[in-house]
Amino acid sequence: MSYRVTLIPGDGVGPEVVEAAKICIEASGVEIIWEEKLLGAQAQEKLGSLIPEETLASIRKNKLALKGPVTTPVGKGFRSVNVGLRKALDLYANVRPAKSLGACNSKYDNVDIVVVRENTEDLYAGIEFDFNDPFASFLIDKINKGNIGKLSENTAISFKTISKKASERIIRFAFEYAIQNKRKKLACVHKANILKFTDGLFLSIFYEIAKDYKEIEAQDYIVDNLSMQLVLRPYNFDVLVLPNLYGDIISDLCAGLIGGLGLAPGANIGQTIAVFEPVHGSAPKYTGKNKVNPAATILSAALLLKHLQENEAARKIEQAVKDVIKENKSVTYDLKLNRDDPSSVGTLEMAEAIADKIKSY
Ligand code: NAD
């Protein structure tokens, strides 16, 4: 049986890590017909749109995509197409597991945390006004005259939005995920002491929904405290559910606990569509250098196979990644104790070592 899956190589190191994942899926014996599509600056150049309709149509049709990272200009230029894609397809749940793989550069063993991040709203809603935007001046005037607050002129404004609907569905998703994956605890992460309405709403919905899932221990942490606790005692944490921005930051922190962004896979899940991609970005300085760790994208491909119920193939890929990392021979620079270690290999060589292992099981 073969599957049809949309493939978005992305840019920066994207095409290299996506190729690595393709090699490993092929080695697992699962047959995939890839439908390659563009996204981001390349798509703008070739098709006149950052998120082309044909890319969306392909994902909607196949209901599945494997995606490499796509660059977003910092502080200027176009808005993130990664965020745009998740919104366009209503991929409301971003699942980012951080599981120890025996990497020698990792500070901890036996970390096993899953971040469930709300993917459609919060400060990522994309409602922003520059300091000199007339609408910002209008809002500032209303706020100052209404004694709601005291804002300076020339203040840039971003909206943080947390809705009941989006909070309910991500929190329910997280509890269901915890049950299906035989997890014990779910912690809601927030800053409701300060953000009483937005994060306060998220937190109150969490405890409301928790009543339906008595078998899962429901906890909550203020995000700053959680950051410290994760570094001190990562073993205390199981599944975390967070609004969008905290979810993004905390999943990078969790990647750091297991040895870095090169090891952290991710899935963006909606009602019927799922897009799999590593947590990391396009690492532009390494573009075309055959340098970065392909494991995060290979593990994202394994999550895609699990989604297709190809559990044995997914298990082999995960095992092969672990074995190659443990041997510490055919691994990229980031998995060496000394990052300048001349024995480190390139992206492709590490992928081939993983593929050879997969075939050997
Ligand atoms: P980044 O994840 O690209 O890089 C952060 C650090 O991690 C860098 O030092 C990088 O070299 C390292 N790193 C990243 N991936 C690695 C890998 N596979 N192996 C080894 N080391 C790795 O984050 P950034 O520098 O903040 O962002 C670069 C660009 O990527 C930005 O344009 C950003 O918007 C974009 N980005 C895209 C996505 C996505 O497509 N989903 C996610 C995050 C960032």
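Residues numbered from 1 in each chain as written. Predicted model: local features only at pLDDT ≥ 70, side-chain atom pairs only at ≥ 80, totals over all residues. Heavy atoms only, no water.

### Points about the environment of Glu310
Then, in step 1: Among the secondary structure elements, Glu310 is positioned in the loop between α10 (295–307) and α11 (311–327).
Then, in step 2: Sequence separation of Glu310 and Val30 is 280 residues, and the distance between their C-alpha atoms is 7.8 Å.
Then, in step 3: Those residues within four positions of Glu310 in sequence are excluded, and the remaining contacts are Tyr3, Val30 and Leu305. (Helix = DSSP H or I, 4+ residues; strand = E, 2+ residues; numbered from the N terminus. Contact = heavy atoms within 4.5 Å.)

### Digging into the side chain of Asn105
Then, in step 1: Examined against the element boundaries, Asn105 turns out to sit in the loop between β4 (93–99) and β5 (112–118).
Then, in step 2: Reaching out from Asn105, the side chain makes a polar contact with the backbone oxygen of Gly259 at a distance of 3.0 Å.
Then, in step 3: Within polar-contact distance, the side chain of Asn105 engages the backbone oxygen of Asp334 at 2.9 Å.
Then, in step 4: For Asn105, the residues in contact, after removing those within four places along its chain, are Gly259, Asp334, Leu335, Lys336 and Leu337. (Polar contact = N/O pair within 3.5 Å; in protein donor to acceptor, adjacent residues only side chain to side chain.)

### Details of the packing of helix α1 (residues 14–28) against α10
Then, in step 1: For the pair α1 and α10, the least separation of the axes is 8 Å and the interaxial angle reads 45 degrees. Considering the angle they form, α1 stands oblique to α10. Remark: the crossing between α1 and α10 carries right-handed chirality. Contacts between α1 and α10 involve Val17, Val18, Ala20, Ala21, Cys24, Ile25 and Ser28 from the former and Thr297, Ile298, Ala301 and Leu305 from the latter.
Then, in step 2: For the contact of α1 with α10, the residue count by class is 9 nonpolar, 2 polar and no charged. (Axes fitted to C-alpha atoms, helices over the stretch in contact; angles between N-to-C directions. Parallel < 35°, antiparallel > 145°, perpendicular 65-115°, else oblique. Left-handed = near helix turned anticlockwise from the far one by under 90°. Nonpolar A, V, L, I, M, F, W, Y, C, P; charged D, E, K, R; others polar.)

### Focus on the pairing of β4
Then, in step 1: When you tally the buried positions in β4, you get 6 out of 7 residues, the bulk of the element.
Then, in step 2: For β4 and β5, the ladder comprises 7 bridges, and the chain directions are antiparallel. Pairing of Val95 across the sheet is with Val116, part of β5.
Then, in step 3: Bridge count for β4 against strand β11 (residues 267–269) is 3 bridges, and the pairing is antiparallel. Within the sheet, the bridge partner assigned to Val95 lies in β11 and is Ala267. (Buried < 20%, exposed > 50% of the residue type's maximum accessible area, 1.4 Å probe, protein only. Pairing = 2+ DSSP bridges.)

### Some remarks on the domain arrangement of the chain
Then, in step 1: Split into domains, the chain comes out as domain 1 (1–94 + 263–361), domain 2 (107–121 + 162–258) and domain 3 (123–160).
Then, in step 2: Each of domain 1 and domain 3 has a C-alpha centre, and the two are 38 Å apart. (Domains from an automatic or database assignment.)

### Digging into the site of the ligand
Then, in step 1: Every one of the 22 residues lining the ligand counts as a neighbour, but Val70, Thr72, Gly281, Ala283 and Asn293 are closest to it.
Then, in step 2: In the model, an oxygen atom of the ligand is placed 3.0 Å from a nitrogen or oxygen of the Asn82 side chain.
Then, in step 3: In the environment of the ligand, a nitrogen atom lies 3.2 Å from a nitrogen or oxygen atom belonging to the side chain of Glu277.
Then, in step 4: Look at the ligand: alone it shows 800 Å² of surface, and the protein chains cover 71% of it.
Then, in step 5: Split by residue class, the shell around the ligand holds 9 nonpolar, 8 polar and 5 charged. (Near = heavy atom within 4 Å. Areas by Shrake-Rupley, 256 points an atom, 1.4 Å probe, with all protein chains shown as cover.)

### Looking at the pattern of salt bridges
Then, in step 1: Within this structure, the stated rule accounts for 22 salt bridges.
Then, in step 2: For the salt bridge of Glu277 with Lys67, the shortest nitrogen-to-oxygen distance reads 2.6 Å. Note that Glu277 is positioned in the loop between β12 (274–276) and α10 and Lys67 in strand β3 (residues 64–67), a separation of 210 residues in sequence. In this pair, the class of Glu277 matches that of Lys67, namely buried.
Then, in step 3: Measuring nitrogen to oxygen at the nearest pair gives 2.7 Å for the salt bridge that ties Asp90 to Arg169. Note that Asp90 is positioned in the loop between α4 (81–88) and β4 and Arg169 in helix α6 (residues 164–180), a separation of 79 residues in sequence. (Salt bridge = Lys/Arg side-chain N within 4 Å of Asp/Glu carboxyl O.)

### With respect to the sheet that holds β3
Then, in step 1: Pairing is mixed across the open sheet formed by 10 strands, whose spatial order is β2-β1-β3-β12-β11-β4-β5-β10-β8-β9. The open sheet has two edge strands, β2 (31–36) and β9 (217–222), and neither has a second partner. Averaged over all pairs of adjacent strands, the angle between strand axes in this sheet comes to 25 degrees, irrespective of strand direction.
Then, in step 2: As paired elements, β11 and β12 share 3 bridges and run antiparallel to each other. Note on β12: the bridge partner recorded for Asn268 is Val275.
Then, in step 3: Here helix α3 (residues 53–62) sits on the sheet and contacts β1 (2–8), β2, β3 and β12; the angle it forms with β1, its principal contact strand, is near 155 degrees.
Then, in step 4: Strands β4, β5, β8 (185–190) and β10 (239–242) of the sheet are contacted by helix α9 (residues 244–258), whose axis makes an angle of about 160 degrees with β5.

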